[in-house]
Amino acid sequence: MSLMTEQLVTITATVNGDQVTMHVPAHRTLLEALRDLMGLTGTKSCCTEGECGACTVLLNGLTACSCLVLAAEVDGAEIVTIEGLAALDLQENFVAKGAVQCGFCTPGQIVSAHALLAQNPNPSEQDIREHMSGNLCRCGSYKRIIEAIQTTAEGRRNA
Ligand code: FES
Ligand code: FES
């Protein structure tokens, strides 16, 4: 069905620091609005059922699966996607530690890791495992992802 023929809802939200007004079909998800209407394709679409974490964004400062949120629900919200994240050190450490294999899960992993380090600058391995449990990696890079997060945390503490 064409987006143009569907009933549209007008929302205004802050996306990566910019206030944007979107006309979104009432039943479309935030994930679809980000990717299809705004061209923010760094947020990945995979299971679309809240199971894999590939679509993770920050919604009012907390991680959220954008495939489970209706775009119409985010009127007035603050959204940060991987494109708007100031986390170069995390990205560099994911690469340096070999935590990026196919890379499909990586944006969601980095958004989740960023949220973890914002609330806990010195997470234990168990803290990391628990916080990241909603982000699946089909390439099995979990150990390297943990190392990348630990290295980033250590770097920030020593900065
Ligand atoms: S695409 Fe949203 S959790 Fe998998
Ligand atoms: S790096 Fe391939 S799914 Fe995680």
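A quick note: this is a predicted structure, and the numbers were derived from the prediction, not measured. (Residues numbered from 1 in each chain as written. Chains lettered and ligands numbered in written order. Predicted model: local features only at pLDDT ≥ 70, side-chain atom pairs only at ≥ 80, totals over all residues. Heavy atoms only, no water.)

**A closer look at the overall build of the chain**
Rules: Elements are defined by DSSP. Helices are runs of H or I of four residues or more, strands are runs of E of two residues or more, and each kind is numbered from the N terminus. Under the scheme applied here, a residue whose accessible area is under 20% of the maximum for its type counts as buried, over 50% as exposed, and between as partly exposed, the area being computed with a 1.4 Å probe on protein chains only. Residues are treated as being in contact if the distance between any of their heavy atoms lies within 4.5 Å. Reported accessibility uses the Shrake-Rupley method at a 1.4 Å probe radius. Residues are deemed covered only where the shown protein chains occlude them. Under this rule, positive means Lys or Arg and negative means Asp or Glu; His and the chain ends count for nothing. To locate a charge, take atom NZ for lysine, CZ for arginine, CG for aspartate or CD for glutamate.
Along its length, the chain carries 5 helices and 5 strands. Listed by position from the N terminus, the elements making up the chain come as β-β-α-β-β-β-α-α-α-α. For the chain, the spread of C-alpha atoms along the three principal axes comes to 50 × 30 × 20 Å. Here the chain, with 159 residues, has 42% of them falling under the buried criterion. Put simply, 56% of the contacts in the chain that link residues at least 6 apart link residues at least 24 apart. Accessible surface, the chain: about 8,200 Å² in total, of which carbon and sulfur atoms supply 49%. Each charge class in the chain was averaged separately, 10 positive and 17 negative side chains, and the resulting centres sit 10 Å apart.

**Side note on the environment of Val15**
Summarising the element assignment, Val15 is placed in strand S1 (residues 8–15). The exposure class assigned to Val15 is buried, which follows from its relative accessible area of 4%. In this structure the C-alpha to C-alpha distance between Val15 and Glu83, which are 68 residues apart in sequence, comes to 9.8 Å. Setting aside its immediate chain neighbours within four residues, Val15 contacts Val20, Leu34, Met38, Leu40 and Ile79.

**Here's the deal with the pairing of strand S2 (residues 18–25)**
For clarity, the threshold we go by: Paired strands, as defined in this entry, are two strands with at least two bridges between them according to DSSP.
Pairing between S1 and S2: 8 bridges, direction antiparallel. By the bridge assignment for S2, Thr10 is matched with His23. From the end of S1 to the start of S2, which pair antiparallel, there are 2 residues, and Asn16 there has a positive phi angle of about 50 degrees.

**Details of the packing of helix H2 (residues 88–96) against helix H5 (residues 142–157)**
When two helices pack together, their arrangement is given by the angle between the helix axes and the distance between those axes. The line we're drawing: Between N-to-C directions, angles span 0 to 180 degrees; the directions come from axes that are lines fitted to C-alpha atoms, helices contributing only their stretch in contact. Working rule for angles: under 35 degrees goes down as roughly parallel, over 145 as roughly antiparallel, 65 to 115 as roughly perpendicular, anything else as oblique. Crossing handedness is read from the near helix: turned anticlockwise from the far helix by less than a right angle, it gives a left-handed crossing, and turned clockwise, a right-handed one. For this classification, the nonpolar set comprises Ala, Val, Leu, Ile, Met, Phe, Trp, Tyr, Cys and Pro, the charged set comprises Asp, Glu, Lys and Arg, and every other residue, Gly included, is treated as polar.
The interhelical angle for the contact between H2 and H5, taken along N-to-C directions, is 140 degrees, at an axis separation of 8 Å. As far as their axial angle goes, H5 and H2 are oblique. The two elements H2 and H5 cross, and the hand of that crossing is right-handed. In contact with Asp89, Leu90, Asn93 and Phe94 of H2, H5 contributes Ile145, Ala148, Ile149, Thr151, Thr152 and Arg156. For the contact of H2 with H5, a count of residues per class yields 5 nonpolar, 3 polar and 2 charged.

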